[in-house]
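Geometric and topological summary
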Amino acid sequence: MTEQPLLVLKGVHTHIGRYHILQGVDLEVYAQRVSVLLGRNGAGKTTTLRTILGLWHASAGEISFDQHRLNTLDPPAIARLGIAYVPENMGIFSGLSVRENLLLGTGPKGFRNSRLEEVLASFPLLREKWNLPAGTLSGGQKQILAIARAMMLPRRLFVVDEPTKGLAPAMVDVLLDAFLRLKEGGATILLVEQNFAMAATLGDDAAVMEDGRIVHVSSMAALAQDEALQTRLLGLSLASHQ
Amino acid sequence: MKPSERTLPVLLVLLIAALGFAAMPFTDWLTLSAAGLAMGMMLFLMVAGLTLIFGLMDVLNFAHGAFITFGAFAAGTVFARFPQLVASDRWEENLLILALAALAAALLSGALGFGFERVAIGRVYGAHLRQILLTTGALIVAEQLAIVIWGPDAIPVLKPAGLRGSFLIAGAAIEKYRVVAALFGLFVFLLLQGILAHTRIGIIVRAGVENREMVEALGYRIRPLFAGVFVAGAALAGVGGAMWATYAATVTASLGSDLTVLIFIVVIIGGLGSVGGSFLGALLVGLVTNYVGFLAPKLALLSNILLMAAILLWRPRGLLAAGGR
Ligand SMILES: Nc1ncnc2c1ncn2[C@@H]1O[C@H](COP(=O)(O)OP(=O)(O)OP(=O)(O)O)[C@@H](O)[C@H]1O
Ligand SMILES: [Mg+2]
């Protein structure tokens with residue numbers, strides 16, 4: 001690849017309390033591609049995403065996004081650069097209605113009709129639940145709401161943490177469709193995904209973490225073909241999942 | 001929150017009122033209920049800000065009572081300054097002086113809240129022990145300051161003439177001032193609920209009470225919002241203190257610290273961070289205090305603590321705990 005990456009992490013270290021979690025993470029995310037971050041439980045994937053968003057403070061290293069140094073900014077400033085975050089727990093406000101949750105994803109002017117119609121056309125269930133408290137939605141519906149909220153504004157980067165965790169297969173398919181459409185629309189996505197089949201379908205680039213470091217970088221296709229590598233890095237293989 | 005979770009606490013308030021109704025003669029019940037509603041609404045004004053600042057930033061502010069004290073003194077000072085309006089037999093002038101007193105209380109306490117948030121609270125985010133030490137110390141300092149300014153003795157707070165005396169309703173005497181206080185508190189509650197439900201800022205505040213981090217990750221800064229809520233809460237506490245002192249017809253520098261336990265009971269009963277919960281909690285405390293004070297005066301002090309314990313056994317996070325972190 002000859003173009004510049006949109007997001008670059010260089011030697012990023014993160015401490016949580018007295019624990020040294022990220023121990024020099026190097027990662028590049030290219031525009032209009034889906035980069036999948038893989039790794040066993042506790043490898044540091046979520047911590048990496050939170051550090052990008054400024055929710056943890058990087059104790060060393062550089063995080064740059066376009067021309068901006070993210071490690072000097074706070075989360076609201078980072079979000080306003082056009083980075084949407086869908087956390088592992090989805091970050092849905094259960095006491096707020098579906099409408100209010102979506103509204104928080106818009107800019108100061110509130111809903112833009114064309115955008116809203118587009119999103120509601122993709123996720124018709126949100127229209128049905130429009131005025132219900134989001135706390136009454138199922139896990140999968142909340143995940144859809146979280147992703148829809150991230151899509152309420154044009155975004156330069158989507159950072160999504162394990163969207164399919166704990167979801168029924170039918171829900172996983174709905175999400176996969178949504179991400180494929182997002183990808184066709186030219187979105188840039190950094191995705192943490194344990195469901196290897198989903199990762200392999202969506203991903204262009206793959207990076208694997210272990211003990212707070214990136215230990216493998218390749219195209220997703222290359223990783224998907226190499227079962228020995230999958231077993232070594234992830235303790236599983238695509239075949240074993242099917 | 002599901003609607004059903006809200007229904008039971010509302011029913012509880014009605015149940016307490018019904019128990020009171022069964023336990024005493026009707027006219028006493030009417031008088032005491034009116035007193036309980038008025039007390040509840042004044043307490044609500046005092047705690048609305050307290051519960052929100054806890055919900056938004058986990059800040060425990062034991063100095064909140066100081067805003068009550070200063071609001072009360074501001075009102076007393078305004079009444080003393082315009083005795084002819086206070087004594088006037090024209091109700092417009094009575095309401096005018098009451099509004100002026102409330103405004104002075106809101107301005108003084110709001111300004112103090114602004115300064116306190118900037119200088120002190122901002123330094124102790126996330127550190128509960130330091131918050132407790134700092135704000136408890138601040139309450140003591142504020143009390144001493146009030147003594148320096150207004151003296152150690154109680155100063156009289158004269159009600160406007162038209163608000164003295166009672167209405168006679170169904171044979172029960174209901175003090176006019178209590179009706180005004182209850183209506184005003186209800187108005188502020190509805191206003192706050194309207195803001196929280198329908199404005200963008202209100203939605204962000206409710207979201208922030210549930211999950212501050214996610215609100216920030218969506219691009220909103222909580223700090224300035226919190227400062228705004230802190231100032232508004234201080235101003236409301238000032239107005240609550242002004243109304244309380246006007247009712248009691250007197251104010252001392254210890255008013256705020258005297259009320260501190262009670263306002264924390266209300267906030268805990270209601271559920272930290274919930275304005276609706278505080279409203280119901282304040283009503284419960286107001287009604288129970290008045291009923292028990294009549295039926296079993298010796299238990300009056302204990303009754304609110306028992307009420308709190310019973311409610312926490314039922315709902316450990318309070319009537320309407322907001323969000324969940
Ligand atoms: N708040 C925290 N306090 C202390 N340690 C933490 C905290 N959050 C994460 N850790 C530790 O940091 C390490 C990396 O956690 P992280 O959540 O980033 O892993 P992950 O790759 O996202 O795992 P999973 O697949 O289970 O989501 C783990 O060992 C975890 O125990
Ligand atoms: Mg994780």
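Since the model is a prediction, treat every value here as computed from it, not as a measurement. (Residues numbered from 1 in each chain as written. Chains lettered and ligands numbered in written order. Predicted model: local features only at pLDDT ≥ 70, side-chain atom pairs only at ≥ 80, totals over all residues. Heavy atoms only, no water.)

A separate point is the interface of chain A and chain B. In this complex, chain A contributes 26 residues to the contact, which on the side of chain B involves 19 residues. Each partner contributes to the roughly 2000 Å² buried at the junction of chain A and chain B, and carbon and sulfur atoms together form 56% of this total. Together, Pro76, Phe93 and Leu104 of chain A form the three largest contributors to the area buried by chain A at its contact with chain B, with a combined 28%. Taken together, the links from chain A to chain B amount to 3 salt bridges. For the salt bridge of Asp74 of chain A with Arg221 of chain B, the shortest nitrogen-to-oxygen distance reads 2.7 Å. Here chain A and chain B share 10 residue pairs in polar contact (both at pLDDT 80 or more) between them. Counting residues per element, the ones that place at least two in the side of chain A that touches chain B are helix H2 (75–80) and helix H3 (98–103) of chain A. Top element by residues in the side of chain A that touches chain B is H2 of chain A. It accounts for 5 residues. When grouped by side-chain class, the residues that make up the side of chain A that touches chain B number 14 nonpolar, 7 polar and 5 charged. (Contact = heavy atoms within 4.5 Å. Buried area = accessible area lost by both parts, 1.4 Å probe. Salt bridge = Lys/Arg side-chain N within 4 Å of Asp/Glu carboxyl O. Polar contact = N/O pair within 3.5 Å; in protein donor to acceptor, adjacent residues only side chain to side chain. Helix = DSSP H or I, 4+ residues; strand = E, 2+ residues; numbered from the N terminus. Nonpolar A, V, L, I, M, F, W, Y, C, P; charged D, E, K, R; others polar.)

Quick look at the pattern of salt bridges now. Residues and elements named next belong to chain B. The full count for this structure, using the stated rule, is 14 salt bridges over all chains. As a salt-bridge pair, Glu92 and Arg90 come within 3.0 Å of each other at their nearest N and O atoms. Assessed through its relative accessible area of 45%, Arg90 is described here as partly exposed. With a shortest N-O distance of 3.2 Å, Arg178 and Glu175 are connected by a salt bridge. (Buried < 20%, exposed > 50% of the residue type's maximum accessible area, 1.4 Å probe, protein only.)

All names here are of chain A. Of the protein atoms, only Thr46 (OG1) and Glu88 (OE) coordinate the magnesium ion (ligand 2), at distances of 1.9 to 2.7 Å. You can see Thr46 sitting in helix H1 (residues 45–52) and its partner Glu88 sitting in the loop between strand E6 (83–86) and H3, a full 42 residues away along the chain. According to the relative accessible area criterion, Glu88 is partly exposed, its value standing at 27%. (Donors = N, O, S within 2.8 Å, 3.2 Å for Na, K, Ca; no water.)

Bringing helix H13 (residues 300–314) of chain B into the picture now. Residue and element names in this part refer to chain B. Helix length check: H13 (15 residues) gives 22 Å between terminal C-alpha atoms against 21 Å at 1.5 Å per residue, within 8%. Residues of H13 that are buried: Ser303, Asn304, Leu307, Met308 and Ile311. Projection of H13 onto a plane perpendicular to its axis shows the buried side chains occupying an angular sector of 130°, all on one side. What points out from H13, more than 90 degrees from its buried face, is the exposed set Leu301 and Leu313. (Expected span 1.5 Å × (residues − 1). Arc of directions from axis to C-beta.)

Attention now goes to the site of ligand 1. Residues and elements named next belong to chain A. If you check the shell around ligand 1, you find 14 residues, and the closest are Gly42, Lys45, Thr46, Thr47 and Glu88. One nitrogen or oxygen atom from the main chain of Gly42 is found 2.8 Å from an oxygen atom belonging to ligand 1. In this structure, Thr47 approaches ligand 1 through a side-chain N or O atom, which is 2.5 Å from an oxygen atom. The protein chains hide 63% of the 630 Å² of surface that ligand 1 would expose on its own. The greatest single-element share of the shell around ligand 1, amounting to 3 residues, is contributed by H1. When grouped by side-chain class, the residues that make up the shell around ligand 1 number 4 nonpolar, 6 polar and 4 charged. (Near = heavy atom within 4 Å. Areas by Shrake-Rupley, 256 points an atom, 1.4 Å probe, with all protein chains shown as cover.)

The next point concerns the nonpolar core. Leu7 of chain A together with Leu43 of chain B are the most contacted members of the largest nonpolar core, which totals 148 residues. The biggest single contributor to this core is helix H2 (residues 26–57) of chain B, with 20 residues. Counting residues in each nonpolar core, the second largest holds 50 residues, with Ile92, Leu120, Ala146 and Ala150 of chain A among its members. (Core = buried A, V, L, I, M, F, W, Y, C linked by side-chain atoms within 4.5 Å.)

Residue and element names in this part refer to chain B. Taken together, Leu8, Val10, Leu11, Leu14 and Trp314 make up a surface patch of nonpolar side chains, about 460 Å² in accessible area. If you tally residues by element for the nonpolar patch, the top one is helix H1 (residues 3–23), at 4 residues. Structurally, the position occupied by Trp314 is in helix H13. Residue classification places Trp314 among the partly exposed positions, given a relative accessible area of 39%. (Patch = residues over 30% accessible without salt bridge, like charges linked within 9 Å, V, L, I, M, F, W, Y side chains within 5 Å.)

Right, let's get into the packing of aromatic side chains. All names here are of chain B. The full count for this structure, using the stated rule, is 15 aromatic pairs over all chains. Residues Phe44 and Phe279 carry aromatic rings whose centres are separated by 5.5 Å and whose planes lie at 85° to one another, so their mutual orientation is edge-to-face. Taken together, the residues Phe44 in helix H2 and Phe279 in helix H12 (residues 275–295) connect sequence positions 235 residues apart. Note on accessibility: Phe44 and Phe279 belong to one class, buried. On the basis of an interplanar angle of 90° and a centroid distance of 6.0 Å, the ring pair of Phe67 and Phe230 is categorised as edge-to-face. Placement of Phe67 in helix H3 (residues 64–81) and of Phe230 in helix H10 (residues 222–248) is noted, with a sequence separation of 163 residues between them. The class for Phe67 is buried, based on a relative accessible area of 5%. Judged by its relative accessible area of 2%, Phe230 falls in the buried class. Members of the aromatic cluster, joined through ring pairs, are Phe67, Phe116, Tyr125, Phe226 and Phe230. (Phe/Tyr/Trp six-rings, centres within 6.5 Å; stacked < 30°, edge-to-face > 60°.)

What follows covers the pairing of strand E2 (residues 19–29) of chain A. All names here are of chain A. Sheet analysis places strand E1 (residues 7–16) next to E2, joined by 8 bridges and oriented antiparallel. Within the sheet, the bridge partner assigned to Thr14 lies in E2 and is Leu22. Where E1 folds back onto E2 in an antiparallel hairpin, the turn is made up of 2 residues, including Gly17, whose phi is positive at roughly 60°. (Pairing = 2+ DSSP bridges.)

Moving on, we come to helix H7 (residues 176–198) of chain B. Residues and elements named next belong to chain B. For H7, built from 23 residues, the straight-helix expectation of 33 Å at 1.5 Å per residue is met to within 8% by its first-to-last C-alpha distance of 33 Å. All of the buried residues along H7 are Tyr177, Arg178, Ala181, Ala182, Gly185, Val188, Phe189, Leu192 and Leu196. Elements in contact with the buried residues of H7: H2, helix H5 (91–119), strand E3 (172–175), helix H8 (200–210), H10 and H12.

Quick look at the environment of Ala63 of chain B now. All names here are of chain B. When you line up the elements, Ala63 lands in the loop between H2 and H3. With relative accessibility at 4%, the residue Ala63 sits in the buried group. Between the C-alpha atom of Ala63 and that of Ala138, which follows or precedes it by 75 residues, the distance is 5.9 Å. Not counting chain neighbours up to four residues away, the residues in contact with Ala63 comprise Phe116, Thr135, Ala138 and Leu139.

Time to look at the sheet that holds strand E3 (residues 34–39) of chain A. Residue and element names in this part refer to chain A. On the basis of which strands lie adjacent, the open sheet formed by 6 strands has the order E6-E7-E8-E3-E9-E10 and mixed pairing. On the outer flanks of this sheet lie E6 and strand E10 (213–219), each paired with one strand and no other. Each strand of the sheet is rotated relative to its neighbour by a mean of 15°, with strand direction disregarded. Examined bridge by bridge, E6 and strand E7 (residues 157–161) share 4 bridges and lie parallel to one another. Its bridge partner being in E7, Val86 is matched across the sheet by Val160. Together, E3, E6, E7, strand E8 (189–192) and strand E9 (205–210) form the strand contacts of H1, whose direction differs from that of E3 by roughly 135°. (Axes fitted to C-alpha atoms, helices over the stretch in contact; angles between N-to-C directions.)

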